[in-house]
Each structure stands twice: as structure tokens, then as C-alpha cells.
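Coordinate inspection notes
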Amino acid sequence: MSRPDVMIFVPPRDKAMAQLEAAYTLHRLDQADDRAAFLQEHGPRCTGVVTNGHAALTRADLEHLPNLEIVACSSAGFESIDDAALRDRGIALTNSSDALCDDVADVALLLTLACRRQLVPAHAYVKTGDWGRDGMFPLLSSIKGKKAGILGLGTIGQAIADRLEPLKVELGYTARSVKPVAYQYFENATALAAWSDILIVVVPGGPETEGMINASVLNALGPTGTLINVARGSVVDEAALIAALSDGRLGSAGLDVYMNEPNPDPALTGLPNVTLYPHHASGTVETRDAMAQTVVDNLAAHYAGNPLVTPVFGRSGRAS
Ligand code: NAP
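Quick notes on the rules
- Residues numbered from 1 in each chain as written.
- Predicted model: local features only at pLDDT ≥ 70, side-chain atom pairs only at ≥ 80, totals over all residues.
- Heavy atoms only, no water.
- Near = heavy atom within 4 Å.
- Polar contact = N/O pair within 3.5 Å; in protein donor to acceptor, adjacent residues only side chain to side chain.
- Areas by Shrake-Rupley, 256 points an atom, 1.4 Å probe, with all protein chains shown as cover.
- Helix = DSSP H or I, 4+ residues; strand = E, 2+ residues; numbered from the N terminus.
- Nonpolar A, V, L, I, M, F, W, Y, C, P; charged D, E, K, R; others polar.
- Pairing = 2+ DSSP bridges.
- Contact = heavy atoms within 4.5 Å.
- Axes fitted to C-alpha atoms, helices over the stretch in contact; angles between N-to-C directions.
- Core = buried A, V, L, I, M, F, W, Y, C linked by side-chain atoms within 4.5 Å.
- Buried < 20%, exposed > 50% of the residue type's maximum accessible area, 1.4 Å probe, protein only.

1. Details of the site of the ligand
If you check the shell around the ligand, you find 28 residues, and the closest are Ser 97, Arg 176, Ser 177, Lys 179 and Asp 256. Take Gly 154: an N or O atom from its main chain is 3.2 Å from an oxygen atom of the ligand. Starting from 930 Å² of accessible surface for the ligand in isolation, the protein chains cover 86%. When contributions to the shell around the ligand are tallied by element, the ones reaching two or more residues are helix H5 (97-116) and helix H8 (155-164). For the shell around the ligand, the element with the highest residue contribution is H5, accounting for three residues. Classifying every residue of the shell around the ligand gives 14 nonpolar, nine polar and five charged.

The following block contains the structure:
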């Protein structure tokens, strides 16, 4: 049987790449000098694409991929991929949400505790000798008994809820649909923020959620509130966030993602009430390997005619 032709938009980690090289004829768009010419020449024979959620895959690109059957995305988010165009063409899409949800949830918890217990200022307090000079660090507020609102109760949102529950935090959420869970449901982000002490953002990026965390939501969260963002920088109106943190309308923020990565706005990073992480919530060897392996496993399942391992949707456009 001939080897399927697969186009590499973004290569996965080496171990996964070696498996792809062994099984398929690969076309390295990632190494092409002229993207458009490469797509035009090699696109028509490719039935698979390997990419991640940061590389564009547009409806126009798909015109050069007339025989495409599957897009295997090594990240969880896929807002750079025109998923509506894939559905229209009956092309399957897979992602890696299951592989990374635990690590991302760990970082959401890490940022929550670091903000609420002021880990970064407390660390500096010990290091600089301020403790010896000025005495006891100010008293803070317990996490136990606080209300945490999760904006987006999907794979990662649920993993975050699972970590917060043992800390005796009260949980609420909003999503596009009501879930069969015991946590309180809120109609929208503002209502959730008004109820929450801690608002954790974990919805997909893209036009639908752009600027969802605006000045009204931040005002509703309030001066003792904490915003945690492990979703995408685009979900938060960053100018509104800087203003709210600067003038005391919002207590603190723990951020893994930013508008301008990898050079976030110094007006944000210079604030004393932020805890910052470099878009690295899934950044462990184990998880990055597992994410890459989902690409290999989904392509193998597809070409063997087996059910996809981690589908966003199958060729029918439905999760399968
Ligand atoms: P998921 O399973 O698809 O869950 C997304 C959740 O967001 C769902 O509950 C969904 O509601 C909700 N949602 C979507 N659009 C919404 C809207 N307009 N208003 C309210 N809720 C909305 O996705 P996931 O795997 O948990 O990942 C979520 C996002 O996290 C990814 O898309 C990615 O952007 C981000 N992420 C970041 C990192 C990082 O390194 N920081 C790593 C991985 C993922 P329904 O369930 O009702 O549809």
C-alpha cells in the first residue's frame, strides 16, 4: 500500500516526528521558502496535515488541499485553524486537550495560590531582608471558603474544578451550555465575576471570545478579586486589565497568556499585583510528548479506518 502524503505545517516533537517519517511521505511546508508555491505544488496530493493552534490554516489554504481528510493539531486551542471551513469540506480535526489538561490545570492552581498568598512579593520580602528590617509580612486572606468562578467548563475547566474542590473553595461557572455538575451556573461572565472572588478564564480564543473580560467584568470581580487567565491573551481586554489593576478596581491577576507574546506590555508586567508565567502551562516534557503523540495516534487511527483518538470533530463534522 502506498504511503499517505502528509503536509507538515508545524512539526511535532522529535520522537513523534520520527514516527511520522517512518509511516508517511512528509511535505515540509514549515521548511518552505515560498509558502504559497509549496502549497500549490504539494497540496493536491496530501490527505493529512500536521499543525498546531498557532499556525494559520485558512479557507484559501484549503483550496490547495483538495484531497485533505484530516488535520491533526498538537495543541488544544485551534483558533488559527478555520474549523468551519474544515467542517464544510468534511475534513476531520483532532486536538490534544486530554493530553495537556492536567498540566494546564496545575498552572491555573499555581497562579491562583501565588496571587492569593502573594508568593512573588513574599519571596522578595525574604530575599531582600525586608522581613528582618520591617517585621511580619502583612496578613492575607484564606483560599478556603472563597468562591471561584470558572469561565469555560470544558476539559481544562473541569480539571481546574477538580483541583479546587479539595481546597474547600465554592465553585461556579459559565459556558455556552449548562453542564450536569453541582456547581452554580451563571448566564454570563459579568454575573459570574460579580459572584466570584477568583475568576479563572479557560475558554477558547478567537473572535467569539475576544475582549470577553472587559472593564465591566473586572469591575464586577472587584478590588479584592483575582483574575486568572490560562486561555488566550485575546480573551482579556488588556488595556482594561492594566487600568483596573493600576487604580485598585481589581485586586490581582495571575497570567499565563498575553496579547503580545513573547513581549507582553511592560505596563502590565511592571505592576506589583501580577503573577506572570510565560505561556508555559503545558510546558513539561511529559505533556509535550503526549501532545505530539496524539498527532501520531490520530493519523494512524484515521489511515487504519479506526475511530479517531481525540477528535474535535470527525469527517461528518460531529465529535466521534
Ligand atoms: P474545551 O474542552 O473545548 O472547553 C472550552 C469551554 O469553553 C467549554 O466549556 C465551552 O462551552 C466554553 N466556551 C466556548 N466558547 C464560549 C463562549 N463564547 N462563552 C462561554 N463559554 C464558552 O477546551 P479546553 O481543552 O478546555 O481548552 C480551552 C482553551 O484553553 C483552549 O481553547 C486554549 O485556548 C486554552 N489553552 C491554553 C493553554 C496554555 O498553555 N495556557 C493550554 C491549553 C489550552 P461549552 O462546553 O458549552 O461548549
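The rest of the description comes next.
2. A look at the sheet that holds strand S8 (residues 184-185)
On the basis of which strands lie adjacent, the open sheet formed by seven strands has the order S8-S7-S6-S9-S10-S11-S12 and parallel pairing. A strand with exactly one partner marks an edge of an open sheet, and here the two such strands are S8 and strand S12 (274-276). As judged from the two bridges shared by strand S7 (residues 170-174) and S8, these two strands associate in the parallel manner. Residue pairing across strands places Tyr 173 opposite Tyr 185, the latter belonging to S8. Here H8 sits on the sheet and contacts strand S6 (147-151), S7 and strand S9 (198-201); the angle it forms with S6, its principal contact strand, is near 170 degrees.

3. Looking at the nonpolar core
If you look at the biggest cluster of nonpolar residues, it comprises 30 residues, and the most contacted ones within it are Ile 150, Ile 160, Leu 164 and Val 230. Of all the secondary structure elements, the ones that give two or more residues to this core are H5, S6, H8, S7 and S9. Here this core takes nine residues from H5, the largest share from any one element. With sequence-adjacent residues up to four places away left out, Ile 160 is seen in contact with Ala 105, Ala 108, Ile 150, Ile 200, Val 202 and Val 230. Of all hydrophobic cores here, the second largest spans 29 residues; its members include Ala 193, Val 217, Ala 240 and Tyr 258.

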